[in-house]
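Notes for the structure review
So you can see what is in the structure, the chains are spelled out below.
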Amino acid sequence: MSWGTELWDQFDNLEKHTQWGIDILEKYIKFVKERTEIELSYAKQLRNLAKKYQPKKNSKEEEEYRYTACKAFLSTLNEMNDYAGQHEVISENMTSNITVELARYVQELKQERKSYFHDGRKAQQHIEICWKQLESSKRRFERDCKEADRAQQYFEKMDADINVTKADVEKARQQAQVRHQMAEDSKADYSSVLQKFNHEQHEYYYTHIPSIFQKIQEMEERRIVRIGESMKTYAEVDRQVIPIIGKCLDEIVKAAESIDQKNDSQLVIEAYKSGFEPPGDIEFEDYTQPMKRTVSDNSLSNSRGEGKPELKFGGKSKGKLWPFIKKNKLSLKLGATPEDFSNLPPEQRRKKLQQKVDELNKEIQKEMDQRDAITKMKDVYLKNPQMGDPASLDHKLTEVSQNIEKLRLETQKFEAWLAEVEGRLPARSEQARRQSGMFDAQNPATVNSCAQDRESPDGSYTEEQSQEGEGKVLATDFDDEFDEEEPLPAIGTCKALYTFEGQNEGTISVVEGETLYVIEEDKGDGWTRIRRNEDEEGYVPTSYVEVYLDKNAKGAKTYI
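These lines cover the structure that appears in this document, whether it is placed above or below. (Residues numbered from 1 in each chain as written. Predicted model: local features only at pLDDT ≥ 70, side-chain atom pairs only at ≥ 80, totals over all residues. Heavy atoms only, no water.)

What about the overall build of the chain?
A count of helices and strands for the chain gives nine helices and five strands. Moving toward the C terminus, one meets the helices and strands of the chain in the order α-α-α-α-α-α-α-α-α-β-β-β-β-β. The long-range fraction of contacts in the chain, counting pairs at least 24 apart against all pairs at least 6 apart in sequence, stands at 78%. Of the roughly 34800 Å² of accessible surface on the chain, a fraction of 52% belongs to carbon and sulfur atoms. (Helix = DSSP H or I, 4+ residues; strand = E, 2+ residues; numbered from the N terminus. Contact = heavy atoms within 4.5 Å. Areas by Shrake-Rupley, 256 points an atom, 1.4 Å probe, with all protein chains shown as cover.)

Observations concerning the pattern of salt bridges
For the structure shown, the criterion picks out 24 salt bridges. As a salt-bridge pair, glutamate 26 and lysine 110 come within 2.8 Å of each other at their nearest N and O atoms. With glutamate 26 in helix H2 (residues 11-52) and lysine 110 in helix H4 (residues 68-160), this pair connects stretches of sequence that are 84 residues apart. Of the residues examined, glutamate 26 reaches a relative accessible area of 31% and is grouped as partly exposed. For the salt bridge of lysine 146 with glutamate 142, the shortest nitrogen-to-oxygen distance reads 3.6 Å. Of this pair, lysine 146 and glutamate 142 are both found in helix H4, four residues apart, which corresponds to roughly one turn of the helix. Looking at lysine 146, the relative accessible area reads 46%, which means it is partly exposed. (Salt bridge = Lys/Arg side-chain N within 4 Å of Asp/Glu carboxyl O. Buried < 20%, exposed > 50% of the residue type's maximum accessible area, 1.4 Å probe, protein only.)

Observations concerning the side chain of arginine 113
Mapped onto the fold, arginine 113 is located in helix H4. With no salt bridge to any partner, buried arginine 113 finds its closest opposite charge in glutamate 15, at an N-O distance of 4.5 Å. In this structure arginine 113 touches Glu15, Thr18, Gln19, Ile22 and Met219, once residues within four positions along its chain are discounted. (Lys, Arg positive; Asp, Glu negative; His and termini not counted.)

Describing the packing of aromatic side chains
Inspection of the entire model under this criterion finds 13 aromatic pairs. On the basis of an interplanar angle of 90 degrees and a centroid distance of 5.2 Å, the ring pair of tryptophan 8 and tyrosine 205 is categorised as edge-to-face. Of the two residues, tryptophan 8 sits in the loop between helix H1 (3-6) and H2 while tyrosine 205 sits in helix H5 (residues 166-257), which places them 197 residues apart along the sequence. With relative accessibility at 29%, the residue tyrosine 205 sits in the partly exposed group. One residue, arginine 66, lies across the ring of tyrosine 67, its end atom 5.4 Å from the ring centre. Here the guanidinium or amino end of arginine 226 rests over the ring plane of tyrosine 105, the centre of that ring lying 4.7 Å away. (Phe/Tyr/Trp six-rings, centres within 6.5 Å; stacked < 30°, edge-to-face > 60°. Lys NZ or Arg CZ within 6 Å of the ring centre and 35° of its normal.)

Overview of a nonpolar patch on the surface
On the surface, a cluster of nonpolar side chains totalling about 280 Å² of accessible area is made up of Leu49, Tyr53 and Phe73. Along the chain, the position of phenylalanine 73 falls in helix H4. Given the relative accessible area of 35%, phenylalanine 73 is considered partly exposed. (Patch = residues over 30% accessible without salt bridge, like charges linked within 9 Å, V, L, I, M, F, W, Y side chains within 5 Å.)

As for the pairing of strand S3 (residues 527-531)
Both faces of the sheet carry side chains from a regular strand, because those side chains alternate between them. Among the five residues in S3, five count as buried, and that is most of the element. The side-chain alternation of S3 yields two buried faces, one formed by Trp527, Arg529 and Arg531 and the other by Thr528 and Ile530. Where strand S2 (residues 515-520) meets S3, three bridges bridge the pair, whose relative direction is antiparallel. Bridge pairing links tyrosine 517 to arginine 531 in S3. Linking two consecutive strands that pair antiparallel, namely S2 and S3, is a turn of six residues; a positive phi of about 100 degrees is found at glycine 524 within it. Examined bridge by bridge, S3 and strand S4 (residues 537-541) share five bridges and lie antiparallel to one another. Of the residues in S4, the one forming a bridge with tryptophan 527 is proline 541. What sits between S3 and S4 in their antiparallel hairpin is a turn of five residues. (Pairing = 2+ DSSP bridges.)

Okay, structure coming up:
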């Protein structure tokens, strides 16, 4: 099977076919190039996606990645970066092994094809010239033969005419002989040209054209083989990264399997544990004795007035138990975090202080290392003065020593606070269990004060539990009065110094300059209970209002 023998007369069709083959190759190159662009774009989008969800440094998100589920997610993001890298490798390998190579091959193919068809056209032109020469020789031979025949007929006519002179006859005979000679010469030339043409034609159809077409066939087959090899390379480039992509996916699965829900639950405990003991039972308040009730500084409620009986039973006393159940969840957000973290619950405060002490110790160690290095350098300078002046390091050495001393003082301060918290936690827990009802007469309450040592289980400042005094109020019977309580009487007024947004449950929003009624004064926890109208009441920070107490009002407390 050879194009030279089978397609000897299809020169134009072969030219079109080979051009089509080059077009197919260029189309495949364009396809691979677009695939590489898609891979690069996909890799870029994957990297941007992973970067978008990476935790920001020094942010709350970074703290969340202590949990195993978040760590697994972070591992997934890191693996996605590696996964994106493999798609970049695909793009790079396809570009270098396919696109670039095929583009160079196409240029070589075009040059080779151009050369072969140039030789083919040259052979065609040569055979066409030979054919024209043959036609010209043939026409000349035909013309000379006709001329010789006419000259012979004229001679015979003249020779038969008795009226023609002998000289005319001789002239006609000579003319006929010349024409015959010319015809013979033309015949010989035509025969020679014909033989030459037949030889050239045989060479053209059986040697030149088969050779050229065979080369074109080989060129076309090489193109087909090359595009097949490129397709194999296309698949192999993908196949080479499959193991690495598989490892990335295996690492994601491994990270998912490393999630430990128990560990995360323990981290939640460590993050939010306050260190307080749960509140103890509320003691029964006996109102069967007709004695005036004494309100202590630790009471959960204010007096309703002299001689007015009031009973409290669990959920029935909604207004009385609310400060203990709800108010201890209010957080003071009146400014920056105190240096000693006194706004935090004991356990959280202890952790923060311990963390601060550790950071200071690291800084001290760093400064000490720097001091040792400077000291060694100074010793070197003392032994080898040509290397430097020892006195030039004194200032730096003094500065480092001062920094160390400053850090040590800072560390001692935080260690003192830490020791205070660690020493106070058991006592507070015991106190919470005992639910002591003793009245503390040594700490009189003031209106515009904020006690630092009264901390609720979530770290806010709260009022202490109410305890029973010596006096009990007599209750005659148990009826529906336990379901609803009368509103507390106003014991004074207050003016809002600042605007306060009461966003937490139990608080009330006030506007600067607004005047409201005071129904429960500050008990040392930093909060004052106020009322706007019958339906709007709640707590505001004492430092946000200026209180004017009515000393004669019912419910106003007298501190000794």
